[in-house]
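Each chain, written out:
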Amino acid sequence: MQYRLLGICAAAFGAFMPLAAAQSECDRASIEAFADDYVAAHETGSLSNLENIAENFTYLENNKTQEITSGIFTKALKIAHRHTIVDTVDCASFSELIVTQNAAGQPAPYVIGTQIRHNPEDLSVYLIDLTVSTTGSWLFNSTRTLEYVTKESWALIDEDKRDTREALRLAADAYLDMWHNKSAIDAVPWGTPCVRLEGSVYTGSGLPTDSCKVGIPTNNNQAPNSHRRYVTDVTYGSISVLCIFEHLANAPDSHEFRMENGKFRYIHTITLANSGFFSAELPEPKPEPAPPARYRVRGDSSARLG
Ligand SMILES: *[C@@H]1O[C@H](CO)[C@@H](O)[C@H](O)[C@H]1NC(C)=O
Ligand SMILES: *[C@@H]1O[C@H](CO)[C@@H](O)[C@H](O)[C@H]1NC(C)=O
Ligand SMILES: *[C@@H]1O[C@H](CO)[C@@H](O)[C@H](O)[C@H]1NC(C)=O
Ligand SMILES: *[C@@H]1O[C@H](CO)[C@@H](O)[C@H](O)[C@H]1NC(C)=O
């Protein structure tokens, strides 16, 4: 009898092993709940509801450490668009926020990409890492960015069609390697259609032939995109990478990639390079597949800025 019980125990234990492993993943709902509180803090301009902050908490805005009370949180903003993904392996989230007005209805243009990192033990937050773009940033126009974003679908991906974390990471890295590695171009899983939203400029026009290859680097010997920080969510086929565009005067940058069936479908970028000169002549959205030369500059930014 005892023997038999033991047997049952061993079987039960064996059966629970994978479950236990799954349970050691970070809780999606808790990470999402903190992201909700974070978004609410933007809406109210108040940090008082941000709880479970770690002892060693750090706040970064555009790659610079600062007091969380000194930055963008002094403003109450109307969040016109919000999209959040959760990394249940690295205990982190990424949120994309688009703002055109403050809470009082006055103009307040921002596009923000935020990674939040939690301690796996108690889910306390030890890093809030923002890329905040506004007027003067690369191809910036948050009203237009909003128009494009709201037409896209970043819905949950069916369980049997999900790309792996590894596939997402390899794809994102290959893309970000193109500036310093020509062979990386062929390693990128280019999809068709695929659209890149670069600041407020859209490489697509709603055609089945839309391509994300428009305006990619032609000079592949530039300084790299370094200091990469990742948040990966296979349920949305999405990976966020915050990094430094060394070839673009060390610009803080955010790229979020969406993959469907192993190929890129959407790419969103936020770049803190000064392109104030664009505001006077920002290209209208154009249906032609050929990009205006002035934003192909991204492919060879060292030449323009150097
Ligand atoms: C803060 O603590 C977390 C979790 O223990 C750790 O991963 C992280 O590196 C620490 N950050 C700093 C800046 O020490
Ligand atoms: C920003 O985009 C909106 C919507 O497309 C447009 O009406 C507006 O003129 C643009 N602003 C600038 C400064 O280009
Ligand atoms: C360049 O990219 C290719 C394709 O991803 C990769 O195999 C190769 O190792 C990379 N080379 C360098 C120097 O990073
Ligand atoms: C970005 O932050 C990292 C880590 O704090 C630092 O090492 C790096 O020098 C920073 N880069 C720029 C361009 O500010």
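Residues numbered from 1 in each chain as written. Chains lettered and ligands numbered in written order. Predicted model: local features only at pLDDT ≥ 70, side-chain atom pairs only at ≥ 80, totals over all residues.

Enquirer: Would you take a moment to explain the overall build of the protein chain for this structure?
Expert: Secondary structure assignment for the protein chain yields seven helices and twelve strands. In the protein chain, which comprises 306 residues, the share counted as buried stands at 37%. Partitioning the intrachain contacts of the protein chain with sequence separation of at least 6 by distance along the chain shows that 64% fall at a separation of at least 24. (Helix = DSSP H or I, 4+ residues; strand = E, 2+ residues; numbered from the N terminus. Buried ≥ 20, exposed ≤ 12 C-beta atoms within 10 Å, placed from the backbone. Contact = placed C-beta atoms within 7 Å.)

Enquirer: Even after reading the chapter, I still don't get the site of ligand 3, so can you show me in this structure?
Expert: Around ligand 3, the structure places A174, D177, N181, S183, A184 and A187. For the shell around ligand 3, the secondary structure elements donating two or more residues are α4 (165-177) and α5 (184-187). The residue inventory of the shell around ligand 3, partitioned by class, reads three nonpolar, two polar and one charged. (Near = placed C-beta within 6 Å. Nonpolar A, V, L, I, M, F, W, Y, C, P; charged D, E, K, R; others polar.)

Enquirer: It is not clear to me how α4 should be interpreted in this structure. Could you clarify?
Expert: Because an α-helix completes one turn every 3.6 residues, residues spaced three or four positions apart along the sequence face the same direction. Between its first and last C-alpha atoms α4 spans 18 Å; for 13 residues at 1.5 Å apiece the expected length is 18 Å, and the two agree. Residues of α4 that are buried in the fold lie against β9 (225-233), β10 (238-245), β11 (251-260) and β12 (263-271). (Expected span 1.5 Å × (residues − 1).)

Enquirer: In this structure, what is going on with the pairing of β9? I would like to understand it.
Expert: On a regular strand, one side chain projects to one face of the sheet and the next to the other, so that they alternate. In this structure, β9 lies alongside β10, joined through seven bridges in antiparallel fashion. If you follow V231 over to β10, its bridge partner there is S240. Hairpin remark: β9 followed by β10, antiparallel, with four residues in the connecting loop; positive phi at G237, about 60°. (Pairing = 2+ DSSP bridges.)

Enquirer: Please clarify how the sheet that holds strand β2 (residues 64-65) should be interpreted in this entry.
Expert: One key point about sheets: their strands pair by backbone hydrogen bonds, in either a parallel or an antiparallel sense. Pairing within the open sheet is mixed, and its six strands lie in the order β2-β1-β6-β5-β4-β3. Each end of this open sheet is capped by a strand with a single partner; those strands are β2 and β3 (77-87). Sitting on the sheet, helix α2 (residues 28-44) touches β3, β4 (92-102), β5 (107-118) and β6 (125-133), and the angle it makes with β3 is about 160°. Along the sheet, helix α3 (residues 142-149) makes contact with β3, β4 and β5, crossing β4 at roughly 125°. (Axes fitted to C-alpha atoms, helices over the stretch in contact; angles between N-to-C directions.)

Enquirer: Explanation requested: the site of ligand 4 in the structure shown.
Expert: Residues in contact with ligand 4, as listed here, are N63, H227, I244 and N250. For the shell around ligand 4, the per-class residue count stands at one nonpolar, three polar and no charged.

Enquirer: Explain α3 here, please?
Expert: The set of residues buried in α3 consists of S142, T145 and V149. Down the axis of α3, the smallest arc covering the buried residues is 55°, so these residues share one side. The secondary structure elements touched by the buried residues of α3 are β3, β4, β5 and β7 (195-198). (Arc of directions from axis to C-beta.)

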